[in-house]
Protein chains: 2
Amino acid sequence: MKILKLGGSVITKKDEQTPTINYENLRRIAGEIAESNQSQLVIVHGAGSYGHPYAREYRIGEKIENPQDLNRKMLGFSKIHQSVNELNSLLCEELANQGLPTIPLPPSAFITTRNKRIDKADTIIIHKYLKKGFIPVLYGDVVLDENESIQMAVLSGDQVIKFVAGKLQPERVILATDVDGIYNKNPKKYPEAMLLETISSAEQIETDKGNIVDVTGGMGGKIKELISLLDLGIESEIINANQKGLLKKALKGEKVRGTTIKRK
Amino acid sequence: MKILKLGGSVITKKDEQTPTINYENLRRIAGEIAESNQSQLVIVHGAGSYGHPYAREYRIGEKIENPQDLNRKMLGFSKIHQSVNELNSLLCEELANQGLPTIPLPPSAFITTRNKRIDKADTIIIHKYLKKGFIPVLYGDVVLDENESIQMAVLSGDQVIKFVAGKLQPERVILATDVDGIYNKNPKKYPEAMLLETISSAEQIETDKGNIVDVTGGMGGKIKELISLLDLGIESEIINANQKGLLKKALKGEKVRGTTIKRK
């Protein structure tokens, strides 16, 4: 069984201020997933422009100031969920067009957090759908938080990945992003930046942070979640899904350009 | 706490062969719910034309004939869920426009059946959302079934109502339908048909079936689920939500035209 994370930056136009789908990528990627012919697959996708602008606007996960602020955040919670659910529907529709039977499992319906980390979640339903051959599709969502001062939290697709991987013990986790992987320097600033083929430990990242690895663009959080998977014996890889055909190859188990997170 | 069932015949154009929303009703009803000013409300809605044409096409819940039939049904399951999810989104959007914080809880994500009756479902998440003041919105959906010969089932909104009411012990269950209630004869055939103000037991229905009560239009299943709620001490009423203002009054606890299911 494999877990595929589709970055919000790949399936949406992430920097838009309003929800904007990247249909070209969405269709191509749905096709590549179908062509890779997986027997057991879980998909988790990010929110991109369907989530981040609203999350900023409503400050979900920040301290609730007063009853008015609570009401506003609750309505924001509702709107954010509606928006990411819409993105999820667009993805599932494309996958259905490719003949793939998906079932959305919205984290807001079965996961709660405590201080923004997953606290309770019954994953039996994921097992059941997988066993029948469905593709469960989870996503970055808003969830209830047990901490009374915040009450609600934004749950990133990356945290979902880590949690689900821990429960399902996949043979591999693939992160489909809009970059080639992790570089030793920020490639946008330094043309001589080199792609790191392998990352092995949190220590390596911590040590390198100030020196060579420029952990930008939200990659920091992703890498931390992926490194913690090593303790469970689960390897992962970061690939560029904007490169046509790369995701299909990675899903089929072929070696492709990217960064693999594995023990030395 | 109250539970409101919105019939698929009220919020969709039920007899259409393709999913067709009844926007006029949807907007008015969302307004009436908001104006009734509920502090604790659970909504369950039917599928109407967003579910029934597909359910017939794919014969979900019927015996699986062979692997091809299984594949076809699985894709149908996916499509039906996408369709009812779309209806749910339209409803939640209208409720959000009225300032009501909803959270969809798709049965497919946390309920399974055995021989088409609810088998497992963790309702803690419903409690949690209710406690915070959210309006959980459940609906008629497709779900996994433990019976290996069918594997999947259509779960009616009415069965969801019964199950959820049993768990949440609401003060009242209101069924918003497109008819005035239960008649002693089919009012479409017999102009002298009279509305039954009260129904008290299954025996009454069984006895009356061949004689005076013409249980048509799917009302039979609804009434059975509602009568079984009497054993849990929960009364319910069937009202006509096509009549402007009636739902608002019923939610506010006012006596309105309709059929009440209660002990004598």
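Below is a short write-up of the structure. For clarity, every value in this text was computed on a predicted model and none was experimentally measured.

**A word on the overall build of chain A**
Point 1. Counting its secondary structure elements, chain A contains nine helices and 14 strands.
Point 2. Taken over C-alpha atoms, the radius of gyration comes to 18 Å for chain A, in line with the 18 Å a tight globule of 264 residues would show.
Point 3. Of all 264 residues assigned to chain A, the portion counted as buried reaches 59%.
Point 4. As displayed, chain A offers around 11,300 Å² of accessible surface, 46% of which is attributable to carbon and sulfur atoms.
Point 5. Within chain A, one finds 37 positive and 33 negative side-chain charges whose respective centroids are separated by 2 Å.

**Comments concerning the packing of helix α4 (residues 67-97) of chain A against helix α4 (residues 67-97) of chain B**
A pair of packed helices is captured by two measures, namely the crossing angle of their axes and the spacing between those axes.
Point 1. Taken N-terminus to C-terminus, the directions of α4 of chain A and α4 of chain B make an angle of 155°; their axes are 10 Å apart at the nearest point. As far as their axial angle goes, α4 of chain B and α4 of chain A are roughly antiparallel. Judged by the sense of rotation from one axis to the other, the crossing of α4 of chain A with α4 of chain B is left-handed. Residues Leu75, Gln82, Asn85, Ser89, Cys92, Glu93 and Ala96 of chain A of α4 of chain A touch α4 of chain B, and the partners they reach there are Leu75, Gln82, Asn85, Ser89, Cys92, Glu93 and Ala96 of chain B.
Point 2. Partitioning the contact of α4 of chain A with α4 of chain B into residue classes produces six nonpolar, six polar and two charged.

**Details of the environment of Pro107 of chain B**
Point 1. Examined against the element boundaries, Pro107 of chain B turns out to sit in the loop between β3 (102-104) and β4 (111-114).
Point 2. A C-alpha to C-alpha distance of 9.8 Å links Pro107 of chain B and His81 of chain B, two positions 26 residues apart in sequence.

**Notes on α4 of chain A**
All names here are of chain A.
Point 1. When the terminal C-alpha atoms of α4 are compared, their 45 Å separation across 31 residues agrees well with the 45 Å that a helix rising 1.5 Å per residue should span.
Point 2. Among the 31 residues that make up α4, 22 are buried, leaving the element largely enclosed by the rest of the structure.
Point 3. Capping the start of α4 is the job of one residue whose side-chain oxygen sits 3.2 Å from the backbone nitrogen of Gln68: Asn66.
Point 4. One or two positions beyond α4, positive phi appears at Gly99, with a value near 85°.

**Things to note about the relation of the copies chain B and chain A**
Two chain copies, one operation linking them: a rotation about an axis together with a shift along it.
Point 1. Once turned by 180° and shifted 0.0 Å along the axis, chain B lies on chain A with an RMSD of 0.0 Å. The symmetry that links the two subunits is that of a two-fold axis.
Point 2. The overlap is high: 100% of the interface residues of chain B also sit at the interface in chain A, so the same surface is used on both sides.

**Things to note about the state of the cysteines**
Point 1. This structure, assessed with the given rule, holds zero disulfides over all chains.
Point 2. Among the cysteines around Cys92 of chain A, which has no disulfide bond, Cys92 of chain B carries the closest sulfur, lying 17 Å off.
Point 3. According to the relative accessible area criterion, Cys92 of chain A is buried, its value standing at 1%.

**Focus: the sheet that holds strand β1 (residues 2-6) of chain B**
All names here are of chain B.
Point 1. Spatially, eight strands are ordered β3-β6-β2-β1-β9-β11-β12-β10 in an open sheet, and the strand pairing comes out mixed. Since the sheet does not close on itself, it has two edges, and those belong to β3 and β10 (198-199), each with one partner.
Point 2. As paired strands, strand β2 (residues 41-45) and strand β6 (residues 135-139) are joined by three bridges and run parallel to one another. Looking at the pairing, His45 lines up with Tyr139 of β6.
Point 3. Running over the sheet, α4 touches β1, β2, β3 and β6 and is turned about 150° from β6.

**What about the interface of chain B and chain A?**
Point 1. Every contact between the two is made by 36 residues of chain B and, on the other side, 36 residues of chain A.
Point 2. In total, about 3,100 Å² of surface goes out of reach between chain B and chain A, with carbon and sulfur atoms giving 62% of it.
Point 3. Counting the contacts that link chain B with chain A gives four salt bridges.
Point 4. Among the ionic pairs, Glu146 of chain B bridges to Lys128 of chain A, the shortest N-O distance being 2.8 Å.
Point 5. At the junction of chain B and chain A, the tally comes to 12 residue pairs in polar contact (both at pLDDT 80 or more).
Point 6. Broken down by secondary-structure element, the contributors of at least two residues to the side of chain B that touches chain A are α4, β3, β4, α5 (124-132) and β7 (141-145) of chain B.
Point 7. For the side of chain B that touches chain A, the element with the most residues is α4 of chain B, which contributes 11 residues.

**Section: the pairing of strand β2 (residues 41-45) of chain A**
Point 1. Of all five residues making up β2 of chain A, five are buried, and the element is well covered by its neighbours.
Point 2. Residues Leu41, Ile43 and His45 of chain A line one face of β2 of chain A and the alternating positions Val42 and Val44 of chain A line the opposite face, and both faces are buried.

**Side note on the pairing of β6 of chain B**
Residue and element names in this part refer to chain B.
Point 1. Counting buried residues along β6, five of its five residues qualify, which places the element largely inside the surrounding structure.
Point 2. Judged by which residues are buried, β6 turns out to be covered on both faces: Ile135, Val137 and Tyr139 on one side and Pro136 and Leu138 on the other are all buried.
Point 3. Bridge analysis of β3 against β6 gives three bridges, and the strand direction is parallel. Note on β6: the bridge partner recorded for Ile103 is Pro136.

**So, α5 of chain B**
Residue and element names in this part refer to chain B.
Point 1. Along α5, the residues that are buried comprise Ile125, Ile126, Tyr129, Leu130 and Lys132. Down the axis of α5, the smallest arc covering the buried residues is 165°, so these residues share one side.
Point 2. Looking one or two places after α5, you find Gly133, whose phi comes out positive at around 105°.

What counts and how
Residues numbered from 1 in each chain as written. Chains lettered and ligands numbered in written order. Predicted model: local features only at pLDDT ≥ 70, side-chain atom pairs only at ≥ 80, totals over all residues. Heavy atoms only, no water. Helix = DSSP H or I, 4+ residues; strand = E, 2+ residues; numbered from the N terminus. Rg over C-alpha atoms; globule rule 2.2 N^0.38 Å. Buried < 20%, exposed > 50% of the residue type's maximum accessible area, 1.4 Å probe, protein only. Areas by Shrake-Rupley, 256 points an atom, 1.4 Å probe, with all protein chains shown as cover. Lys, Arg positive; Asp, Glu negative; His and termini not counted. Charge placed at Lys NZ, Arg CZ, Asp CG, Glu CD. Axes fitted to C-alpha atoms, helices over the stretch in contact; angles between N-to-C directions. Parallel < 35°, antiparallel > 145°, perpendicular 65-115°, else oblique. Left-handed = near helix turned anticlockwise from the far one by under 90°. Contact = heavy atoms within 4.5 Å. Nonpolar A, V, L, I, M, F, W, Y, C, P; charged D, E, K, R; others polar. Expected span 1.5 Å × (residues − 1). Polar contact = N/O pair within 3.5 Å; in protein donor to acceptor, adjacent residues only side chain to side chain. Least-squares fit on C-alpha atoms with pLDDT ≥ 70 in both. Disulfide = S-S within 2.5 Å. Pairing = 2+ DSSP bridges. Buried area = accessible area lost by both parts, 1.4 Å probe. Salt bridge = Lys/Arg side-chain N within 4 Å of Asp/Glu carboxyl O. Arc of directions from axis to C-beta.

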